[in-house]
Every structure is written in structure tokens, then in C-alpha cells.
Amino acid sequence: MSVLPPDIDSASFAAFLEELRGAVGADWVWSGDADMFPYRDSFSPVWNTAEERHASAAVAPEDVEQVSAVVKIARKHRVPLYPISTGKNFGYGGPSPNVNGSVVLDLKRMNRVIEVNTDRNYCLVEPGVSYFDLQRAVDATGNKVMLDCPDPGWGSPIGNSLERGVGYTMPHFRDHFGAHCGMEVVLPDGEIMRTGMGALPGSETWQEYPYGFGPDPAGLFAQGNFGVVTKMGFRLMPMPEYYRTGLITVPRRRDFIKLVNHVNFLSDSGLIGEVEYGSPLSALMGNPDFFVLATKTGGPSDAEMDAAASAAGLPSFQVELQFFGPQKATLENWNYAKDRILSDIPGAAAVDGDHFTLPASEDQLNNTTQPWQTSIKRRRSLGVPSLGAWKIVRDDGHVGFFPVLPRTGEAVFEVQRVLGDAMKEFPTLPPFFNALTMPLFWHTHTFQMVFAPSIKHDDPQHNAITHASMKKCVAVAAEHGWGDYRAAPIYQDDVSNTYSFNNHILRRFHEQLKDAIDPDGIIAPGRGGIWPRRFRA
Amino acid sequence: MITRREAIKWGVVVPAIAASSQAAFARAPQGLDAFLLDTRYVENLPAEHAAITAIRFAGDVTRPWFDTLDHAWRRRGYVLGGITGSDALFVLEVLAQQHGRRVVSQQQLGEKNERGVYPVSWVIAPVHPSVTA
């Protein structure tokens, strides 16, 4: 499906592409259906419908100077660019733009790992560097540092952090944008800017002190459209000496509230890495009577759930804990966690899990020796990039809604009930929200829960249900103060609309900034719900 | 599951290759450089055939990617054939696109399972001038 950028005819578009070829080389500019197919969102719930967003062309510059040249050409022709790093971001729009006819600015050729510093524990990379690429660079240092990577790990540290993606190791590394330090950005007029200490000529602390002097604009470039990020620094964790796991179970439903508070304490004190909450009662979901109970409108009572757990001889909830550090410290921290929780929650129990020296062997990464049915995905827990997560993908993919909620057991129970009831409007969907749905503790200081209905390329009716359920989830969650953290372009306006304090002043502020530096919308108009004047009119 | 007998020494791959009219194949007269075999769907095939290496995996593309393909696809040439699950092919296709390569031929070999995954034979070949042989 060939499309043109807004407000431009075919002849002008051809001239624009010719200028791009002059800037980056003819082999690195693409247009036409076959070449543009990879830039469609293959997980789109509006696949092959009028709502699907299509790019008109793609251009792949080799370095920051070429990026600057491309931006200047686009500005001259008033053609919107849609920057991507490696273009994965599946479930959140993939490489597809907000505006039909945008030109994808594909940064895949900028794939240099500029530095891995194992004395000061940081790296500096370009956008086309994948986590696999970075792992190779870390391997070359003798594995002196550990990555914190998303799952799957084929995306780029820059792309993932700019989407506020997450990893699975220690708290201060899991928030990938929070773990960045220093960036280089090409602004909508083609100027090249460096943030923090990068603005000080001769500084050697660009990747150590993020702020420099004065306001730090770095946050504007995450889920934003104020520039094209061409370099970023990230903090790296020194390779821990040892890794240890443990399991805590609690017998009753209400015990989950105390369990969460204890885990919050352990995490915020820096004693544990990412945790996996779960419910052993999930094993009962194949029982029709239990399934009805767990998905009951208005939610089951605590007594009903406790009776079911008691009858099955199963604990109500569990948490898998992970410890990193010196061997003795991991043991002391695990003993402390056990003492703290077991002494406070009657009937709580603990099981010692795998523990070993890092870096892990291939067998240890395969995670087959835990003495319980584990939910820990060992590779990602140890920062090792993997593609194994594709085993969980159903049909032709899915879209993701991950509401941010308070880090409390009460909030988890409320989300289970409210969104479980709301989604009953879509009876063909799996019961994503039920009495056993657990929070994700991926971001450092908050919970999220997951709604990820599938899509099928050959079933528009199925996709329409997915699409409608996504919009309803966004709306109902927002009514209760739970906001989405990341969204595909087709949902970004919906999500942005929910962040509406004081008559949408946050969005109006962003619009003022956008109008000031990019009124024609050269950089990703609409991204993050931010539209420049040209497209608001 | 595709048996050894059914495969008849890459018989399910070769028709897919023969059916391709993609120009990419004209640039790869030497044929395939490697086979990728998903052991969820292919059993007991030899480690190589006609001096072409077979790489085995069980649905998770991580090791073939990190150990072999990531290196091979940075260089010119390298035509890869495979019999895998459609989920693995999706991962490979996305990685291939980023490296100037495309799925130039594919053939569904069985029904979808409950997750919508089915066995498929395919060929991935270089198409971008920066990596064509």
C-alpha cells in the first residue's frame, strides 16, 4: 500500500527521495510495497484496515552527520520522520509511525559500541546496537559487567530505554531510561546537542553525571518527539560474584498484602533483584468450578479462595526472590528475608533454591534444577539476551497494555476485580484479569499488570475485539488511576488523554515545546500524544 | 512431526527452493550455505547433506543466532534454508530484514497448533546490495 507524506505530491516526494539518496547513498533509501513491508507493525490489531499506519519510505543513515543531513532535508520538504533504532518494539507498534506517509529514519547502521568501561561501569552506544551486540562487547571484557536486558533481547538499549522499557536484574538497572547517563540528540533543525556533561567540551564524565548544569532535557526524548537520539550512555552492574534464589509461600489470600510490603522493603533496601510473584492455585484453573470462582463477577471472597486453597492443600501465593552479590552476602540476605517474612506471616514457608557463582554456565542458564515450578526466566534474570520469549507468543502476535498501579496487595486485588469485570464484555478473550493475576515488579518502584490480547492477520473480527478491548482497558483503568506506561501509536492519543490533570496541562506544555522547536512536525508528530500546530489545525 | 522418510534428505526444502523465482537465487548459484532444523518438527536428519551444515535447535533461535547467523549475516552471501516452526521463522525473518535479507520462499508443511504455530520450510537469502554475493 503506497502512501505519500502529508501535503506533498508524487513529484515533490520523488525529489525529496532523490535528496535523501544524495545524503546517504542510493542503496540506503527504500520505498515501494516490498521494501516497506518490514516497516509495518506485524502485531497490529488494525492490520489491513483503514486504521493501520503506513510509512512511505525509509532511510538508513550511517552516522550522526548523515542523520543531521536527513533531518535538514526533511525539514526543507516538511516531511515527517519516524526514527527507529532496531525497530522491534513488538506489541507497542513495532516500526510503524503515528502519521501515514512518514519516512522511517532507520538507525540500524549506527551499530557501534563506542565504549564499555569496566572500571567505572558504563557503556556508550549508538541506536543500532542490539543487546546481543552489547553482550559481545561485554564478553570481550571478560564479563566484568552484567547487562540488564529486556526479553527478547534483540532490541537496542537506546530504543528500549526511550520506550521506558525494563529488565530483570537489580532495581537501579531495571528501569532502562533511569539507568541511562548522557545522550546525543539531533534536534528538529538538524543541530547536534549533547546533554549533561556531554555539553562541556573536554569533559570525561558524560556517562557518570547525567545533569551537567541547568535543566536536564533528557526526559523529553523518551516517548517523545523532540529529537533523534544518536548516542546514549548506560550504567552497568559489575558482574556479581554470586547468585542465589529462594521461594516464600503464604497460605491465605490476605497474606499477600503483608508479603508485598516485605518484598517492597527488601527491594528498596537493595537486598534483592527482580521477583516473580505467583499463585500455586493457578494449577487449579483447569478445574471448571475453580475457574468460575476465580473469574467470578465482583471477585471471589477471601473465604472462598482460602477454602479452595485449603481443599487443594496449596498455598495461596508465592514469591521467588533473587539475590546478587558476594556469596556470603547473598546467603545472609536470603536468611534475613526468610526470618523477616516467616516471623510475621503465620504459616509462611521458605524453600532454598539454586545458587551458584557468576557468570552462569549454559546449564545454569537453562534453569532446570529449581526444587519448585519456577517462573524465573534465568537468562533475562542474569542479563543474558535471549530470543526464547517467542515461545509465549500466540497467533500472529499481541498488543500490550501494562497499567501502572500502586505497589500494594490491595491494589492488585482491586485491579483483578475491576478489569476482570470490565473485560467480561469480551468473552472470547482469555481471563487476563482474575483472582490469581499477579503483578509484575519490573519497573523499580511500581507494579504493573499485563493485558496482551492476540491478533490474527487473517481474522479481522478477532482483531476488532482485541482493538475494542484495548481501548476499554485504557479507559476503565484510568477511571481508577491506573495509567498505561507505553502504547502503540494507534493508542497513544487514548493514553495521553487519560493523563488529564488540570485540563491536560502536561500535554499542552508538551505542545508548546513542540510548537517552539518543531512546528511542522518533522520528528514523529503524534508520538506520545504530542501533536505540533501543523497537525492540530 | 516430519519424519526422516517424509523429508527424504531435504526433499521438503528443495521444492521450495526450486519454486522460487526470486532474483536473489540467481545471485546464489552455489545454493544453500546451511540448514536450520527445528527439532520440534524434524527428527533424525543427518548433521550435514551435500556438505551443507545442519544447525539444530528446539524452537528457541537464541543459540543459532548468537553463535552462527549473527556472524554469517554480517558478511556477503550466505543463503539459509530451514524447516522450523512458524514462530521461529518470524524471529529469523525480522532479524534477516535488519541484515539486508528476506524470506524468498516458504511452504507450510502442516496444520496450526493451539498457539497458531505450524511447521514451515523456507529459504532466506541476501537481497540488499551491501550483502549480496
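Conventions used here
- Residue positions are counted from 1 within each chain, in the order its sequence is given.
- The naming scheme follows written order: chains are lettered A onward, ligands numbered 1 onward.
- Under the rules for a predicted model, residues below a pLDDT of 70 receive no local features and side-chain atom pairs below 80 are neither given nor counted, while totals for whole chains, interfaces and linings still include all residues.
- By the criteria applied, helices consist of DSSP H or I runs no shorter than four residues and strands consist of E runs no shorter than two, each listed in order from the N terminus.
- Residue pairs qualify as contacts under a 7 Å threshold applied to their C-beta atoms, which are placed from the backbone.
- Note on method: radius of gyration uses C-alpha positions; expected globular size equals 2.2 Å times residues raised to 0.38.
- Nonpolar cores are built from buried Ala, Val, Leu, Ile, Met, Phe, Trp, Tyr and Cys residues. These are joined into a set through C-beta atoms within 7 Å.
- Residue burial is a threshold on neighbouring C-beta atoms within 10 Å of the residue's own C-beta, all placed from the backbone, with 20 or more meaning buried, 12 or fewer meaning exposed, and counts in between meaning partly exposed.
- The domain limits used here are those given by an automatic or database domain assignment.
- Throughout this entry, Asp, Glu, Lys and Arg are counted as charged residues, while Ala, Val, Leu, Ile, Met, Phe, Trp, Tyr, Cys and Pro are counted as nonpolar. The remaining residues, Gly among them, count as polar.
- At least two DSSP bridges between two strands are required for those strands to pair.
- Axis definition: a line fit to C-alpha positions, over the contact stretch in the case of helices; interaxial angles, taken between N-to-C directions, run 0 to 180 degrees.

### Describing the overall build of chain B
- For chain B, the count of helices and strands is five helices and six strands.
- Helices (α) and strands (β) of chain B occur, in sequence order from the N terminus, as α-α-α-β-β-β-α-β-α-β-β.
- Here the analysis covers contacts within chain B between residues at least 6 apart in sequence; of these, 67% occur between residues at least 24 apart.

### Overview of the overall build of chain A
- Counting its secondary structure elements, chain A contains 17 helices and 18 strands.
- For chain A, the C-alpha radius of gyration of 24 Å lies close to 24 Å, the compact-globule estimate for 537 residues.
- Structurally, chain A occupies a C-alpha span of about 75 × 55 × 45 Å along its principal axes.
- Across chain A, every contact between residues at least 6 apart in sequence was considered, and the portion connecting residues at least 24 apart equals 71%.

### Some words on the nonpolar core
- By size, the foremost hydrophobic cluster in this structure holds 156 residues, and its most contacted members are Ala 58, Val 59 and Val 103 of chain A.
- If you tally residues by element for this core, the top one is helix 5 (residues 86–98) of chain B, at eight residues.
- With near-sequence residues (within four places) excluded, Ala 58 of chain A lies in contact with Trp 30, Met 36, Tyr 39, Val 103, Val 104 and Asp 106 of chain A.
- Residues Phe 290, Leu 293, Ala 294 and Ala 309 of chain A belong to the second largest nonpolar core, which totals nine residues.

### Digging into the domain arrangement of chain A
Residues and elements named next belong to chain A.
- What the domain assignment reports for chain A is domain 1 (10–106), domain 2 (113–238), domain 3 (242–358), domain 4 (403–486) and domain 5 (499–536).
- Distance between the C-alpha centres of domain 2 and domain 3: 34 Å.
- Counting residues at the interface gives five residues for domain 2 and five residues for domain 3.
- Of the residues that constitute the side of domain 2 that touches domain 3, the class distribution is three nonpolar, one polar and one charged.

### Some words on the interface of chain A and chain B
- Contacts between the two partners involve 15 residues from chain A, matched on the other side by 17 residues from chain B.
- Among the residues making up the side of chain A that touches chain B, the classes are represented as six nonpolar, three polar and six charged.

### Concerning the sheet that holds strand 2 (residues 57–59) of chain A
Residue and element names in this part refer to chain A.
- Spatially, the four strands line up as an open sheet ordered 1-2-4-3, and their pairing is mixed. At either margin of the open sheet sits one strand with a lone partner, and together these are strand 1 (29–31) and strand 3 (81–84). When strand polarity is set aside, the average angle formed by the axes of neighbouring strands in this sheet is 20°.
- With four bridges connecting them, strand 3 and strand 4 (residues 103–106) associate as parallel partners. Pairing of Tyr 82 across the sheet is with Val 104, part of strand 4.

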